There are 2 protein chains.
Amino acid sequence: MSTSPRAYTRPLDIQRGRIDLNHGAGGRASAQLIRELFLPAFDNPALRQGDDGARLPPAQGRLVLATDAHVVSPLFFPGGDVGSLAVHGTINDVAVMGAQPLYLTASFIIEEGFALAELQRIAQSMGAAARAAGVAVVTGDTKVVERGKGDGVFISTTGLGVLADGVEVGGALAQPGDAVLISGTIGDHGVAVLSQRESLGFAADVRSDSAALHTLTAAVLAAAPGAVHVLRDPTRGGLATTLNEIASQSAVGMTLDEAAIAVNPPVEAACELLGLDPLYVANEGKLVVICTAAAADAVLAALRAHPLGARAARIGTVTAEGQPFVQMRTRLGGRRIVDWLSGEQLPRIC
Amino acid sequence: MSTSPRAYTRPLDIQRGRIDLNHGAGGRASAQLIRELFLPAFDNPALRQGDDGARLPPAQGRLVLATDAHVVSPLFFPGGDVGSLAVHGTINDVAVMGAQPLYLTASFIIEEGFALAELQRIAQSMGAAARAAGVAVVTGDTKVVERGKGDGVFISTTGLGVLADGVEVGGALAQPGDAVLISGTIGDHGVAVLSQRESLGFAADVRSDSAALHTLTAAVLAAAPGAVHVLRDPTRGGLATTLNEIASQSAVGMTLDEAAIAVNPPVEAACELLGLDPLYVANEGKLVVICTAAAADAVLAALRAHPLGARAARIGTVTAEGQPFVQMRTRLGGRRIVDWLSGEQLPRIC
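Nothing here was measured: the structure is a model prediction, and the numbers come from that model. (Residues numbered from 1 in each chain as written. Chains lettered and ligands numbered in written order. Predicted model: local features only at pLDDT ≥ 70, side-chain atom pairs only at ≥ 80, totals over all residues. Heavy atoms only, no water.)

Engineer: Looking at this structure, how should I read the overall build of chain A?
Structural biologist: From N to C terminus, chain A includes nine helices and 14 strands. Projected onto the principal axes, the alpha-carbon positions of chain A cover approximately 75 × 50 × 35 Å. Within chain A, contacts between residues at least 6 apart in sequence are counted, and of these 84% link residues at least 24 apart. Approximately 11700 Å² of chain A is accessible, and the part contributed by carbon and sulfur atoms is 51%. Of the charged side chains in chain A, 27 are positive and 34 negative; the average position of the first set lies 5 Å away from that of the second. (Helix = DSSP H or I, 4+ residues; strand = E, 2+ residues; numbered from the N terminus. Contact = heavy atoms within 4.5 Å. Areas by Shrake-Rupley, 256 points an atom, 1.4 Å probe, with all protein chains shown as cover. Lys, Arg positive; Asp, Glu negative; His and termini not counted. Charge placed at Lys NZ, Arg CZ, Asp CG, Glu CD.)

Dropping the structure here:
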């Protein structure tokens, strides 16, 4: 991001102004937008250098990179907005690799006519989420597309983290006999966004669980060194899709216990009304942990000791199957296959 | 990026198929798109792990991060496309920090209805550009937005590089007396995109200069250790805006020599017809170097010895001014101020 001289420029009218194509053209208007709107929201030394990228100190250990585009609609929802989501989502992708996130980059694609006041609100929310997580937004980019060629604002974030020696987690490392745990209730994020999108009054008190999980993953790894095989945040496609991905990557099966999987009552009610299965509804602040059975109690205790894991539960077991099927023991004592999400449930949920 | 089982899934119909919202929902269709279209285009070990991010070896030295959103319209133009541009643009942002680029991430925002054949062509172009540059695309993300909420495909790329000890370049480091050099002709990229957009027949032989500059920057740094103060690629806003940014960051003036700045004749003709000044037209494969006057000949020789710098020239001098003005001695012997780009010249040029 670059700065420009203040001469000959009136301050942005953030209360009433709107984005126009000049704000993406790389000239004086672009520089003013960065200087008056983005820099104050994200302020940090790397960003203030005003170059085409960020200069950062050396990092000890293996590196982890993760990236996510955020196209959630609507942009603001109970419990968050596209800005905080873009910070949390990418921090979490780094964290579930077992790494400590250090830095974020942010690139904005803004539709012509978007209100500067909304953009400022989103940038400030991003900045606050990043500061709360201790992960600075060190460089960025802004592009503007014509009215009708975008939808408000899309934000792509990339996270860089460091992976401590000895930490080896990954979707391909689940072993038969391992325990499957989750840090809390499922479906909250998806229902919060949907309730806002569809103006569902009865679900108005459902808030997104959007949160940065890196201190939770660090606590889990510290509680059971070497015994944690997989960490994953069950976002798009929900818990069911995430577990199917892991089963496929690890060539194992899983058996879940439906009674152990917690769903907040208003989330359950909304899902029933809308014909959704909460197993397939996105989460943005939940952690799946797969670890040795011997370590399961220690991991569960570490999850529950953290504010984001108070309702953690052991929900199933990894099995040796010929096919990577995820099965569930239902509350009524039956068994069913929990398949991949195959159709669209909730577009633009993150 | 995640993989999924092959069972129960017909191969993508890349010749006739189109993107639908399912391809962004994180379920089976997303996994298939990644497995059948993106993975073959970008193939590398980090990406094949199929986790939420990429695990990478430790890197020696200071780190550099840079990010760019690419919204160029049209998506294909003479000399490149949004895919190769997304690779080159971000490699160049890392390179002009003085760093060696190591890895890229890529996040795609695709409009519902976009042809799979075009997406594959773009992904293959990205993969080819990355392989040619020796910089792997190690992780990515794909989101889909409804028809009319995007425009084909937008690609955000982030680059990670390492900065060798002793290399200190930055927009704030230009010194009075320094020489200003550029690696070749200006305006080629912008006119190539515009000629495609507006179907300008007379400019049909203008090709974008889109190219990865990291070997050129390395050659420049090696030719004059410690004497190179600023490296910058004059993209959006063109050479004029880039030099104004540097003047502002360094609190210096500059005097340019119009006769030394080369413009390809068809680019000049197109600019005249369209009322554009090539000084403000985007480049995607040109390098501005500001170095000590003593090192200017060595830097010029290094530029000219590289295939991307054959037409390099010394175009001006850094001056000590009260205001950070860029001035130009015209061909006719006059002087004029080269201001920032203040209005929109070419929207969605990169």
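Engineer: I would appreciate a short explanation of the sheet that holds strand β6 (residues 136–145) of chain B in the present structure.
Structural biologist: Strand pairs in the sheet, formed through backbone hydrogen bonds, run parallel or antiparallel to each other. Strands sit in the order β1(A)-β2(B)-β7(B)-β5(B)-β6(B) across an open sheet of five strands; the sheet is mixed. Only two strands of the sheet have a single neighbouring strand rather than two, namely β1 (54–56) of chain A together with β6 of chain B. When strand polarity is set aside, the average angle formed by the axes of neighbouring strands in this sheet is 15°. Along the sheet, helix α4 (residues 116–133) of chain B contacts β5 (100–111), β6 and β7 (153–163) of chain B; its crossing angle with β7 of chain B, the most-contacted strand, is approximately 10°. (Pairing = 2+ DSSP bridges. Axes fitted to C-alpha atoms, helices over the stretch in contact; angles between N-to-C directions.)

Engineer: Is there a simple way to explain the relation of the copies chain A and chain B in this structure?
Structural biologist: In this arrangement, two copies of a chain are superimposed by a rotation about an axis accompanied by a shift along the axis. Once turned by 180° and shifted 0.0 Å along the axis, chain A lies on chain B with an RMSD of 0.0 Å. Such a combination of turn and shift is consistent with a two-fold rotation axis. Residues of chain A ranked by C-alpha distance from the rotation axis are headed by G150 of chain A, positioned 2.2 Å from it. Of the residues that chain A buries at the interface, 100% are likewise interface residues in chain B, meaning the two copies contact each other through the same surface. (Least-squares fit on C-alpha atoms with pLDDT ≥ 70 in both.)

Engineer: Help me understand the domain arrangement of chain A, please; the structure alone is not making it clear to me.
Structural biologist: A common way to state how big an interface is: give the accessible area lost once the parts meet. Residue and element names in this part refer to chain A. Once the domains are mapped, chain A shows domain 1 (5–163) and domain 2 (179–337). On a C-alpha basis, the centres of domain 1 and domain 2 stand 29 Å from each other. Interface of domain 1 and domain 2: buried area, both sides summed, is about 1600 Å²; carbon and sulfur atoms make up 60% of it. When the area that domain 1 buries against domain 2 is broken down by residue, the three leading residues are P78, N92 and V96, summing to 34%. In this assembly, domain 1 and domain 2 are joined by zero salt bridges. Seen at the junction of domain 1 and domain 2, the total is eight residue pairs in polar contact (both at pLDDT 80 or more). Going through the elements one at a time, β3 (76–77) and α3 (82–95) are the ones with two or more residues in the side of domain 1 that touches domain 2. Broken down by element, the residue count for the side of domain 1 that touches domain 2 peaks at eight residues, all from α3. Within the side of domain 1 that touches domain 2, the residues separate by chemical class into 12 nonpolar, seven polar and one charged. (Domains from an automatic or database assignment. Buried area = accessible area lost by both parts, 1.4 Å probe. Salt bridge = Lys/Arg side-chain N within 4 Å of Asp/Glu carboxyl O. Polar contact = N/O pair within 3.5 Å; in protein donor to acceptor, adjacent residues only side chain to side chain. Nonpolar A, V, L, I, M, F, W, Y, C, P; charged D, E, K, R; others polar.)

Engineer: Explain the packing of aromatic side chains to me, please; I cannot follow it from the model alone.
Structural biologist: We describe a pair of aromatic rings using the distance from one ring centre to the other and the angle between the two ring planes. Residue and element names in this part refer to chain A. What the rule picks out here adds up to seven aromatic pairs over all chains. Consider the rings of F38 and F42, whose centres lie 6.1 Å apart with planes at 10°: the pair is stacked. Taken as a pair, F38 and F42 lie in helix α1 (residues 28–42) at a separation of four residues, close to a single helical turn. Comparing F38 with F42, the two get one shared label, buried. An aromatic cluster of three or more residues is present, and its members are F38, F42 and F108. One cation-aromatic arrangement involves R121 over F76; the distance from NZ or CZ to the ring centre is 3.7 Å. (Phe/Tyr/Trp six-rings, centres within 6.5 Å; stacked < 30°, edge-to-face > 60°. Buried < 20%, exposed > 50% of the residue type's maximum accessible area, 1.4 Å probe, protein only. Lys NZ or Arg CZ within 6 Å of the ring centre and 35° of its normal.)

Engineer: Got a minute to help me understand α3 of chain A in this structure?
Structural biologist: For the α-helix, the turn length of 3.6 residues means that residues three or four positions removed from each other point alike. Residue and element names in this part refer to chain A. With 14 residues, α3 extends 20 Å from end C-alpha to end C-alpha; this agrees with the ideal 20 Å at 1.5 Å per step. Counted residue by residue, α3 has 14 buried out of 14 residues, so it is predominantly covered. Of the residues that open α3, the one with a side-chain oxygen 2.7 Å from the backbone nitrogen of G83 is D81. (Expected span 1.5 Å × (residues − 1).)

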